[in-house]
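Commentary on secondary and tertiary structure
Okay, here's what each chain looks like letter by letter:
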Amino acid sequence: GLMRVSLDVQTSTALFARIFEYLDLKPSIVDAPDATDVADGPGPMGRVEFRDVEFRYSDASDDSTATLDGVSFVAEPGAHVALVGPSGAGKSTVLSLASRLYEATGGAVLFAGSDVRQVKQHSIIDHVGIVSQETYLFHASIADNLRYAKPDATDEELIEACRAASIHHVIETFEQGYDTIVGERGYRLSGGEKQRIAIARVLLKDPPVLLLDEATSALDTVSERIVQEALDAAANGRTTITIAHRLSTVIGADVIHVVDHGHIVESGSHATLLAEGGLYADLVAEQLASSRVLADEETLAEQE
Ligand code: ATP
C-alpha cells in the first residue's frame, strides 16, 4: 500500500544521504521532472548496458584525457561480468557509473533499456546492491543495520539472509546476538565479517543487479573461502559486475573485460583471453607468480 511505498522512498533517500555522507560527496544528481522507474524500462530487468561511455571527473583539467573513453558492454540479466586491469585503469569508475554515483559525460548507461539520466535516483538505488571493500555500518544494532536493506524484514528473514551469507553462526556467539551494537564505538567486526553483513543486506534487498568490488587485502584462506561462498550465493540469479582480483572469480565469469587506461582493451572468456596472450594473460601470469611467492613464504614461515 501507500504507507509501504513512502517508507521505502524515505529509507532509500536516507540511505542515499548516508552513502554520500560516507563518501564525502554531494548528491549533484537531480531527478528529471518526468523521470521513470527502472521497472518501466523497455528492456529486461537486470540488463545493464554501457553505450560508448566517456567519463571525466569534474576536478580533472579540461585538456586531460578522459578517465573512461569509448566503454561499451552489455551485461544481460543474470550474467556475471568481471572487470580486471591494472591499478588506476578505471574499474571503480565503471562501478560508480553503474550505480549512478556519477553520470557519464558522454554516451549513456542504460538500466533495463532506459538511460539512467531519465530514471529516478531512488529507483536505481533500489535495483542495485553493492558489496565493496569498505562496508559502512551505522552505530546501531546488527538487526537495524540489516533492516536498512529491507525495513519490514522479519527476524526470520534476517536470520535466513545471515545464514546464506555465512555470518549467522558468528552473530549467534555474541551475548546480545542481533541486538549487538556495531559501527563506530560499537563492537568491532573483522573486515570479512563486515563484508558478510553487506552480503546479507544484498540478500535481503534482493536487487536484480549486484556490483562487487572484491577485496584485495588478503583475508586468511578460511575467511576468503567463506566470503567467496557467500558472494556466490548473493550473485546467483543476479546480473553481477565484479572488479575481480581472485582468479576463481575471473575463471567463473561469463565474460571478462580487461580495462586499461580507461578503455576496454580485451573481452572474452578466461580461456579465450589466455590463448590470445595479451594483457589478460600477463595479469594472470603475474598473479600466479605472486601467489607462488606467497605460498613459498608461508612454507618458509612454517619451517621456522
Ligand atoms: P584500482 O584497481 O587501483 O582501484 P581502478 O582501475 O579502479 O584502480 P579508478 O579508481 O576507476 O581505477 O581510477 C581511474 C582514474 O581516475 C585514476 O587515474 C584515478 O586517479 C582517477 N580518479 C578516481 N577517482 C577520482 C575522483 N573522485 N576524482 C578525480 N579522479 C579520480
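As shown above, the structure is provided for reference.
Summary of the structure given here. Owing to the predicted nature of the structure, the values given are computational and were not obtained by experimental measurement. (Residues numbered from 1 in each chain as written. Predicted model: local features only at pLDDT ≥ 70, side-chain atom pairs only at ≥ 80, totals over all residues.)

Every buried residue of helix H5 (residues 155-164) is accounted for by Leu158, Ala161, Cys162 and Ala164. Angularly, the buried residues of H5 cover 160° about the axis, an arc narrow enough to put them on a single face. Facing away from the buried side of H5 by more than 90 degrees, the exposed set consists of Asp155 and Glu156. Phi for serine 166, located one or two positions after H5, is positive at around 55°. (Buried ≥ 20, exposed ≤ 12 C-beta atoms within 10 Å, placed from the backbone. Helix = DSSP H or I, 4+ residues; strand = E, 2+ residues; numbered from the N terminus. Arc of directions from axis to C-beta.)

With that settled, the discussion passes to unusual backbone geometry. The phi torsion at aspartate 52 lies on the positive side, around 50°, for a residue other than glycine. Structurally, aspartate 52 can be placed in strand E1 (residues 48-55). Positive phi outside glycine occurs at histidine 261, with the angle close to 45°. The topology assignment puts histidine 261 in the loop between strand E9 (255-260) and strand E10 (263-268).

For the rest of this paragraph, the subject is the site of the ligand. Taken together, 12 residues lie around the ligand, and Tyr57, Ser87, Lys91, Ser92 and Thr93 are the ones closest in. For the shell around the ligand, a count of residues per class yields 3 nonpolar, 7 polar and 2 charged. (Near = placed C-beta within 6 Å. Nonpolar A, V, L, I, M, F, W, Y, C, P; charged D, E, K, R; others polar.)

Along the chain, phenylalanine 73 turns up in strand E2 (residues 68-75). Setting aside residues no more than four positions away along its own chain, phenylalanine 73 makes contact with Phe50, His257 and Ile264. (Contact = placed C-beta atoms within 7 Å.)

Let us now look at the sheet that holds strand E7 (residues 209-213). The sheet built from 6 strands is open, its strands ordered E6-E7-E8-E3-E9-E10 with mixed pairing. Edge strands, defined here as strands with exactly one partner in the open sheet, are strand E6 (128-131) and E10. Pairwise comparison of adjacent strand axes, ignoring direction, gives a mean angle of 20° for this sheet. Note: E6 against E7, 4 bridges, orientation parallel. From the neighbouring strand, isoleucine 130 faces E7, where its bridge partner is leucine 211. (Pairing = 2+ DSSP bridges. Axes fitted to C-alpha atoms, helices over the stretch in contact; angles between N-to-C directions.)

Turning our eyes to something else, we now look at the sheet that holds strand E5 (residues 114-115). The antiparallel open sheet is built from 4 strands, whose spatial order is E2-E1-E4-E5. Strands at the two margins of the open sheet, each flanked by one partner only, are E2 and E5. Where strand E4 (residues 106-111) meets E5, 2 bridges bridge the pair, whose relative direction is antiparallel. Bridge pairing in E5 links phenylalanine 111 to serine 114. Lying over the sheet, helix H2 (residues 91-98) contacts E1, E2 and E4, oriented at roughly 120° with respect to E1.

Take it as geometry only, folks, not as evidence of what the structure does.
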